[in-house]
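Here is what each chain is made of, one letter per residue.
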Amino acid sequence: MFGSAPFWIGSVYVCFPLGLLIYGWNDIGDRQSDRDNPRKDSWLFGAKPSEEMCRRLPWIIAAVQVPFLLMFVAMAGPKMIGWMAAVVLVNATYNSFGFKKLPGLDLLNQVGYLLIFVLASWLCSVPQLNAPVMIFSTLFAMQSHLFGQLMDIDEDANARRRSTAILLGVRRSKFLMVAIMLAASLIAYQSFRFGVVALFMLAGATFFAADALVGPKRYPIVFSQWFFIAWNVVVIATMHFVWRYQIFLTP
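What comes next is a walk through the structure. (Residues numbered from 1 in each chain as written. Predicted model: local features only at pLDDT ≥ 70, side-chain atom pairs only at ≥ 80, totals over all residues. Heavy atoms only, no water.)

**Structural notes on the overall build of the protein chain**
Note the threshold: Numbering goes from the N terminus for both helices and strands, where a helix is a DSSP run of H or I of at least four residues and a strand is a run of E of at least two. Burial classification: accessible surface area is computed with a 1.4 Å probe over protein chains only, and a residue below 20% of its type maximum counts as buried, one above 50% as exposed, and the rest as partly exposed.
A count of helical and extended segments in the protein chain gives 13 helices and zero strands. Reading the protein chain from its N terminus to its C terminus gives the helix and strand order α-α-α-α-α-α-α-α-α-α-α-α-α. Principal axes of the C-alpha set define a box for the protein chain whose edges measure 50 × 50 × 30 Å. Sorting the 251 residues of the protein chain into buried and exposed places 41% on the buried side.

Printed below as a string of C-alpha cells:
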C-alpha cells in the first residue's frame, strides 16, 4: 500500500479535508455551547470560530472536498459520489437536523464513522472489513462520543442542549460507557487474533466503573486535556503495530 497513490490520497483526505468537514461543521453547530467552554478555544482541544469564520467555513469545507471527490471518482468510479453524499448526510443529520440534541440518536449517529472503512476498501480495492470489526468500531465510536459529552456536560446543559449524557446523568452515563466497553472487549476477545485489544477495552471498563463509583462529577480541565494528549500518543505509537500484525482481523 505504501507505493499506492490511492492509499496516500485517501490518507491525506481523511487526515484533513474529511476532518474539516466533520469537526468544522460541528464547530459551527456547537458555537453557542462552546462559547463558555474552558476546554475549547484552541486548535488542539477544539476551536471557537468567530462569526466571520462561521460564515466562511462552509465554503472552505466545500472547496477542499471537490478536488478529492474528483480524484476518488477517477480512481474508484461513480460510486464515490454516493459515498460523499452519505458523508454529507450523516453530518447533516447530526449538525443541521438536530440528531446531536436527541438522546440516543446522538450516539447512533456515530455509525457514520464506518464510512471511512468503506472509503479505504473502495479506493485500495481490498475487501471490506468483517462484521466483528465493524460492530467493535461502532461501539468504540459511541463510547468515545459519550465520554466527550461527559466532559462538556455542564456547558451543554447551560446551552439547553439535550444529549444522552444529560438525559442519563453523569453516573449512569459512565456505567453505560462501561457496558459498551465490556461489549467491545467481548467482541475483541472472541473475534480478533490478538488479545491486546480486549485487554485494553477491559482496562478502560474497569477504570470507568471505579470512576462511576468514586470519581468526580465533572472531569477537571487538566485531566481532559492530558487525556486527549495521551490518547493521541497511544494511537500514533500503535499505528504500525496495528497495521503490521493486523490485530483487528479474525484469526
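There is more to say after this.
**Quick notes on the packing of helix α1 (residues 5–15) against helix α7 (residues 115–124)**
Just so we agree on the cut-off: To get an axis, fit a line to the C-alpha atoms, keeping to the stretch in contact for a helix; angles then go from 0 to 180 degrees between the N-to-C directions. These descriptions rest on fixed angle ranges, namely under 35 degrees for roughly parallel, over 145 for roughly antiparallel, 65 to 115 for roughly perpendicular, and the rest for oblique. Definitions for this section: a left-handed crossing has its near helix turned counterclockwise from the far helix by less than a right angle. A right-handed crossing has that turn clockwise. Whether two residues are in contact is decided by their heavy atoms: any pair within 4.5 Å suffices. Under the grouping applied here, Gly and all other residues not named as nonpolar or charged are polar, the nonpolar ones being Ala, Val, Leu, Ile, Met, Phe, Trp, Tyr, Cys and Pro and the charged ones Asp, Glu, Lys and Arg.
Taken N-terminus to C-terminus, the directions of α1 and α7 make an angle of 160°; their axes are 9 Å apart at the nearest point. One way to sum up the angle between α1 and α7 is to call them roughly antiparallel. Relative to α7, α1 is oriented so that their crossing is right-handed. Contact with α1, carried on its side by Pro6, Phe7, Gly10, Tyr13 and Val14, involves Ile116, Leu119, Leu123 and Cys124 of α7 and no other residues of that element. The residue inventory of the contact of α1 with α7, partitioned by class, reads eight nonpolar, one polar and no charged.

**A closer look at unusual backbone geometry**
Of note, Ser125 is a non-glycine position whose phi angle comes to about 55°, a positive value. Relative to the elements of secondary structure, Ser125 occurs in the loop between α7 and α8 (131–151). For Ser125, a relative accessible area of 67% translates into the label exposed. A positive phi angle, near 50°, is found at Gln246, a position not held by glycine. The exposure class assigned to Gln246 is partly exposed, which follows from its relative accessible area of 39%.

**A closer look at the nonpolar core**
The tendency in soluble globular proteins is for nonpolar side chains to be buried side by side. Quick reminder of the rule: Put simply, a nonpolar core is a bunch of buried Ala, Val, Leu, Ile, Met, Phe, Trp, Tyr and Cys residues held in one set by side-chain atoms that sit within 4.5 Å of each other.
Counting residues in each nonpolar core, the largest one holds 27 residues, and the members touching the most others are Phe136 and Phe208. Secondary structure elements with two or more residues in this core: α8, α11 (170–191) and α12 (196–214). When residues no more than four places from it in sequence are discounted, the contact partners of Phe208 are Phe147, Lys174, Met177, Val178, Met181 and Tyr219. Listed in part, the 18 residues of the second largest apolar core include Leu20, Phe72, Leu119 and Leu123.

**Observations regarding helix α13 (residues 221–245)**
Convention followed: Each helix should span, by expectation, one fewer than its residue count multiplied by 1.5 Å.
For α13, spanning 25 residues, the distance from its first C-alpha to its last is 36 Å, which sits close to the expected 36 Å at 1.5 Å a residue. Gln246 sits one or two residues past α13 and shows a positive phi near 50°.

**Description of the environment of Phe147**
Within the secondary structure layout, Phe147 lies in helix α8. Measuring from C-alpha to C-alpha, the distance between Phe147 and Asp27 comes to 18 Å, with 120 residues separating the pair along the chain. The residues contacting Phe147, other than those within four sequence positions of it, are Met177, Phe208, Tyr219, Phe223 and Phe227.

**Considering the environment of Asn26**
For Asn26, the position within the fold is in helix α2 (residues 17–29). Once the C-alpha coordinates of Asn26 and Tyr94 are considered, the two residues, 68 residues apart in sequence, prove to be 8.4 Å apart. In contact with Asn26, other than residues within four places in its own chain, are Tyr94, Asn95 and Lys100.

Note that every value here comes from positions in space, so none of it alone points to a role or purpose.
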